[in-house]
Amino acid sequence: MRLLPLAPGRLRRGSPRHLPSCSPALLLLVLGGCLGVFGVAAGTRRPNVVLLLTDDQDEVLGGMTPLKKTKALIGEMGMTFSSAYVPSALCCPSRASILTGKYPHNHHVVNNTLEGNCSSKSWQKIQEPNTFPAILRSMCGYQTFFAGKYLNEYGAPDAGGLEHVPLGWSYWYALNSKYYNYTLSINGKARKHGENYSVDYLTDVLANVSLDFLDYKSNFEPFFMMIATPAPHSPWTAAPQYQKAFQNVFAPRNKNFNIHGTNKHWLIRQAKTPMTNSSIQFLDNAFRKRWQTLLSVDDLVEKLVKRLEFTGELNNTYIFYTSDNGYHTGQFSLPIDKRQLYEFDIKVPLLVRGPGIKPNQTSKMLVANIDLGPTILDIAGYDLNKTQMDGMSLLPILRGASNLTWRSDVLVEYQGEGRNVTDPTCPSLSPGVSQCFPDCVCEDAYNNTYACVRTMSALWNLQYCEFDDQEVFVEVYNLTADPDQITNIAKTIDPELLGKMNYRLMMLQSCSGPTCRTPGVFDPGYRFDPRLMFSNRGSVRTRRFSKHLL
C-alpha cells in the first residue's frame, strides 16, 4: 500500500511538508508553544511518540500474558504501571478521554451511539479541534499518523461518512473494529478490503502502513503515531497461523468466577448462577480466541520497534502500550463484555519506554488514560496550562522524580445503553435491558448508570460507587481485604467515611481541568465541610448524573 499524506502533492522521503517554506525564525514562531524542556536548539530533536491502543484488552485476567515480545520490548525496556485505569469501561467514551485528556462528563461522549455523542457532529465541532493530536500538529509541528479503530460511530452517514478526517491528522487510515471485509478511510477516501489474509487481515495491514509511514515520513519534523488494533475485540478472528494456539487455555477460575453477585446492583444480581455448561464453553472459547488475536499485535510491536531501531529513531521515541478498557469472562456469572465498575473492566495495561526512562521499572502510582494526552504534550514541550485537560502528565513519574505529589483518586463514570422497552426475546426481564445473551442474561441496561471514586493511598485501597436508579444503589469495596470485590461493604463502613466519599464523588463529577486534580479524601490537603452535604432546605445532597445527549 502506497502511503499518501493528506496535503496535496507527492511525499518525498526526507522532505519537510507541514512547514515547507518556513525560515528558522518563522519555525520558532510557529512552535513557540512547544519549546518546553526539549527546545529546538541546534542539534536537538524533539522526541517522537508512538501510542499503541488495543481494543478490550484486560489486565486483571491475564490479558498481557500472550504478548511476550511486547513485554520484553516495551515493559522490560521501560516502565509498567500496575494501577492504570480508564474513566469509562467502554470503547467510545474511553477513546474520547484518551484524545481529549478529559473525563466523560467534560467531553460528553457517554456511550457507543451517535445519540451518546460518539463521533457525532457535536463531537467533531467542539472536541476534535482540541484533541492532543490537533495540538501536536498545529502548535508543535509534529507529523501525525493514525491507523486503526477511531470512535465506534466513525464512518456512519450521520457522522460525515468516511470522508470525514478529524482535525489534527496528517495521515489517516481509519475504520471500526473488524478483521476482514471492511472499508478503510484513507485520508477521506474509501478503500474496501476482503478476506484474503495476505492483504486484508487488519492487524497486519495496520503494521504495514505504519512501517510505510516510518519509511516515507519527513525527517525534518518529529512524529506522533497512534495505532489502534482491532484485537482482541470480537469477533476474535485470529490470523491463520495462530488459530490453534492456546488450546489448553481457559478463562481464569478466580474467586469471583461463576458466583452470584450478592449485594450488588440489580443488573449483576439478574445473572444466572451457576452458568450453564454451554455458557462456560462459549466464554472459554472466547477467552482463547482473544489471546490468539493478540499474537498478531505482538508481531506488530516487534516489527515497529525493529524498524525504529533500523532507522535510528528508537532512542528518541517514546512508545506507549495500553487498551481502551478491560473485559470480563464469567465474573459474577456475567458471560463476556465490559461496561461494569469492577477492576476487571476498568483496569488496563500501560507500558511505556523512551528517553530518560530506566528499564525494568514498575510504578504503583494511580494513573488513568486521561493522563496520556497531557503526557504526550509535555513530551512535545507544550505548556499544559494552555489546555483544559483533566489529566496529569506522567513524565515526572517516567523520569523517576523524587518527592512527587500525586493524586490518590480517579473518577469512573458510565451511562447505560438501552431503551425503556421490554426485550421481546426476554419478556420476563424489566424494560431497558441490552446486550442480552440467549439465556436472557444481560450485560447492560439504560439505568446501568453509575459513577465511582477509585481511591488508592498509603493506607487505603477503596472503590465507592453510586447508581442513578430508583434504589440509588451504592457499592463500596475494600480492595486490600477483598481484591475480587465480592463483598459490598456499603452498609457496614464508617458512615463518616461514607459521607466523605459521597462528597468527593460529587466534586469529581463536576470537576474540570485543575479542579479534577484537587486533594482526595486521604490526602493531607483534603478539606471536608459536612454542611456542603446538605441543600438549602436541609435535605441530604445527592449526586446529579449527566443526562447529556447532544
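Coordinates for the structure precede this section.
Attention here is on the structure that accompanies the text. All values derive from a computational prediction rather than experimental measurement. (Residues numbered from 1 in each chain as written. Predicted model: local features only at pLDDT ≥ 70, side-chain atom pairs only at ≥ 80, totals over all residues. Heavy atoms only, no water.)

Among the six residues that make up strand β8 (residues 223–228), six are buried, leaving the element largely enclosed by the rest of the structure. Side chains of β8 alternate between two faces, with Phe 223, Met 225 and Ile 227 and Phe 224, Met 226 and Ala 228 buried alike. With five bridges joining them, strand β1 (residues 48–54) and β8 adopt parallel strand pairing. Counterpart to Leu 51 in the pairing with β8 is Met 226. Where strand β4 (residues 143–149) and β8 come together, six bridges link them in parallel fashion. By the bridge assignment for β8, Gln 143 is matched with Phe 223. (Buried < 20%, exposed > 50% of the residue type's maximum accessible area, 1.4 Å probe, protein only. Helix = DSSP H or I, 4+ residues; strand = E, 2+ residues; numbered from the N terminus. Pairing = 2+ DSSP bridges.)

Two quantities define a packed helix pair, namely the angle between the axes and the distance from one axis to the other. Where helix α8 (residues 202–216) meets helix α10 (residues 277–310), the closest approach of the two axes is 9 Å, and the angle between their N-to-C directions is 10°. It follows from the interaxial angle that α8 and α10 lie roughly parallel. For the pair formed by α8 and α10, the contact residues are Thr 203, Asp 204, Leu 206, Ala 207, Ser 210, Leu 211, Leu 214 and Asp 215 on the first element and Ser 296, Val 297, Leu 300, Lys 303, Leu 304, Arg 307 and Leu 308 on the second. Of the residues belonging to the contact of α8 with α10, the class tally is eight nonpolar, three polar and four charged. (Axes fitted to C-alpha atoms, helices over the stretch in contact; angles between N-to-C directions. Parallel < 35°, antiparallel > 145°, perpendicular 65-115°, else oblique. Contact = heavy atoms within 4.5 Å. Nonpolar A, V, L, I, M, F, W, Y, C, P; charged D, E, K, R; others polar.)

Phe 81, Phe 132, Leu 136, Tyr 150, Phe 224, Met 226 and Phe 320 are the most contacted members of the largest nonpolar core, which has 111 residues in total. If one sorts the elements of this core by residue count, helix α14 (residues 495–509) sits on top with six residues. Those residues in contact with Phe 224 that sit more than four places away from it in its chain are Val 49, Leu 51, Phe 132, Pro 133, Leu 136, Tyr 142, Gln 143, Thr 144, Phe 145, Trp 169 and Ile 376. If you look at the next biggest cluster of nonpolar residues, it comprises 42 residues, including Ala 147, Ala 207, Ala 239 and Ile 319. (Core = buried A, V, L, I, M, F, W, Y, C linked by side-chain atoms within 4.5 Å.)

Take the side chain of Ser 408 next. The residue Ser 408 is located in the loop between α13 (395–398) and β15 (409–414) in this model. Within the structure, Ser 408 has its side chain in polar contact with the side chain of Asp 523 (distance 3.0 Å). Residues in contact with Ser 408, not counting those within four places in the same chain, are Leu 366, Arg 454, Thr 455, Met 456, Ser 457, Gly 520 and Asp 523. (Polar contact = N/O pair within 3.5 Å; in protein donor to acceptor, adjacent residues only side chain to side chain.)

Our focus in this paragraph is the state of the cysteines. Any covalent bond linking the sulfur atoms of two cysteines counts as a disulfide. Taken as a whole and judged by the stated rule, the model has six disulfides. Here Cys 92 connects covalently by a disulfide to Cys 118, the sulfurs 2.1 Å from one another. Its S-S torsion of about 100° marks the bond between Cys 92 and Cys 118 as right-handed, since a negative value means left-handed. Within this pair, whereas Cys 92 is found in helix α3 (residues 91–100), its partner Cys 118 is found in the loop between α4 (104–107) and α5 (121–126), the two being separated by 26 residues in sequence. Accessibility classification places Cys 92 together with Cys 118 in one group, the buried group. Note that Cys 452 is cross-linked by a disulfide to Cys 465, the S-S spacing being 2.1 Å. Where Cys 452 bonds to Cys 465 through sulfur, the torsion about that S-S bond is close to 110°, and the disulfide is right-handed. Of this pair, Cys 452 sits in strand β18 (residues 450–456) while Cys 465 sits in strand β19 (residues 461–467), placing them 13 residues apart in sequence. By relative accessible area, Cys 452 is classed as buried at 0%. (Disulfide = S-S within 2.5 Å.)

Right, let's talk about α3 for a bit. By the criterion of burial, α3 is predominantly enclosed, with ten of the ten residues buried. Listing the buried residues of α3 in full gives Cys 91, Cys 92, Pro 93, Ser 94, Arg 95, Ala 96, Ser 97, Ile 98, Leu 99 and Thr 100. Residue Gly 101 follows α3 closely and has a positive phi angle near 70°.

An order of β15-β18-β19-β20 is seen for the four strands of this open sheet, with the pairing classed as antiparallel. Bordering the open sheet on either side are β15 and β20 (474–478), each of which pairs with just one other strand. Taking the axes of each pair of neighbouring strands and ignoring which way they run, one obtains an average angle of 10° across the sheet. Direction of pairing for β15 relative to β18: antiparallel, over a ladder of six bridges. Of the residues in β18, the one forming a bridge with Val 412 is Cys 452.

The next thing to look at is the sheet that holds β8. Across the sheet, which stays open at both edges, the ten strands sit in the order β7-β6-β5-β4-β8-β1-β9-β12-β2-β13 with mixed pairing between neighbours. Edge strands, defined here as strands with exactly one partner in the open sheet, are β7 (189–192) and β13 (361–363). Adjacent strand axes in the sheet meet at a mean angle of 15°, parallel and antiparallel pairs treated alike. Sitting on the sheet, α8 touches β4, β5 (171–175), β6 (183–186) and β8, and the angle it makes with β8 is about 175°.

The next subject is the packing of aromatic side chains. Scanning all chains against the criterion turns up 28 aromatic pairs. Their ring planes at 40° and their centres at 5.6 Å tell us that Tyr 342 and Phe 344 sit as a pair that is tilted. Exposure class is identical for Tyr 342 and Phe 344. Each is buried. Lying across the ring of Phe 250, Arg 288 places its NZ or CZ 5.4 Å from the centre. For the cation-ring pair, Arg 290 lies above Tyr 327, with the distance from its terminal atom to the ring centre recorded as 3.9 Å. (Phe/Tyr/Trp six-rings, centres within 6.5 Å; stacked < 30°, edge-to-face > 60°. Lys NZ or Arg CZ within 6 Å of the ring centre and 35° of its normal.)

Let us now look at the pattern of salt bridges. Pairing is possible between side chains that carry opposite charge, provided their charged atoms lie close to one another. In the structure shown here, the tally under the stated rule is 20 salt bridges. The partner of Asp 55 in a salt bridge is Lys 149, and the shortest N-O contact between them spans 2.9 Å. With a gap of 94 residues between them, Asp 55 in the loop between β1 and α2 (68–75) and Lys 149 in strand β4 connect regions that are remote in the sequence. For Asp 55, a relative accessible area of 0% corresponds to the buried category. Among the residues examined, Lys 149 registers a relative accessible area of 1% and is labelled buried. With its nearest N and O atoms 2.9 Å apart, the salt bridge here joins Arg 454 to Glu 343. (Salt bridge = Lys/Arg side-chain N within 4 Å of Asp/Glu carboxyl O.)

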